[in-house]
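The primary structure of each chain is shown beneath.
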Amino acid sequence: MDQETLDKLATGEYSISPRSGRLRKRIRKKKKKSFFSKRKVKKVLNTALWIVLIVAFLTSLIIVFPELDITSDNKKNNQEKLMKYRR
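Chemist: Got a sec to walk through the overall build of the chain? Specific residues and values, please.
Modeler: When its secondary structure is counted, the chain shows three helices and two strands. Tracing the chain from N to C terminus, the helices and strands come up as α-β-β-α-α. The buried share among the 87 residues of the chain stands at 5%. Surface summary for the chain: the accessible area is close to 9400 Å², and the carbon and sulfur share equals 60%.

Chemist: Before we move on, could you go through a nonpolar patch on the surface and cite the residues and values that matter?
Modeler: A cluster of nonpolar side chains, namely L49, W50, L53, I54, F57, L58, L61, I63, V64, F65 and L68, defines an oily patch on the protein surface of about 1100 Å² accessible area. Locating L68 in the fold gives a position in helix α2 (residues 38-68). Given a relative accessible area of 46%, L68 falls into the partly exposed group.

What counts and how
Residues numbered from 1 in each chain as written. Predicted model: local features only at pLDDT ≥ 70, side-chain atom pairs only at ≥ 80, totals over all residues. Heavy atoms only, no water. Helix = DSSP H or I, 4+ residues; strand = E, 2+ residues; numbered from the N terminus. Buried < 20%, exposed > 50% of the residue type's maximum accessible area, 1.4 Å probe, protein only. Areas by Shrake-Rupley, 256 points an atom, 1.4 Å probe, with all protein chains shown as cover. Patch = residues over 30% accessible without salt bridge, like charges linked within 9 Å, V, L, I, M, F, W, Y side chains within 5 Å. Salt bridge = Lys/Arg side-chain N within 4 Å of Asp/Glu carboxyl O.

Structure representation (structure tokens):
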């Protein structure tokens, strides 16, 4: 091969066919970027799902805690003492 062809091979303008060893000119196609890529859509949906789950968990806590009506023993004792003093 002459020097010019070897230079074109080195730059990637030409390639050698693996089966026949024939010299081929590479045709470069520009790849169009799609508006919605699978990776971006998957990432956005994953983030949205986590946000929805966290918000649902927090709202369930806000709804459940007032319904539990948890009072400590100390608070009950203090209230009983106050009632005795008021009588």
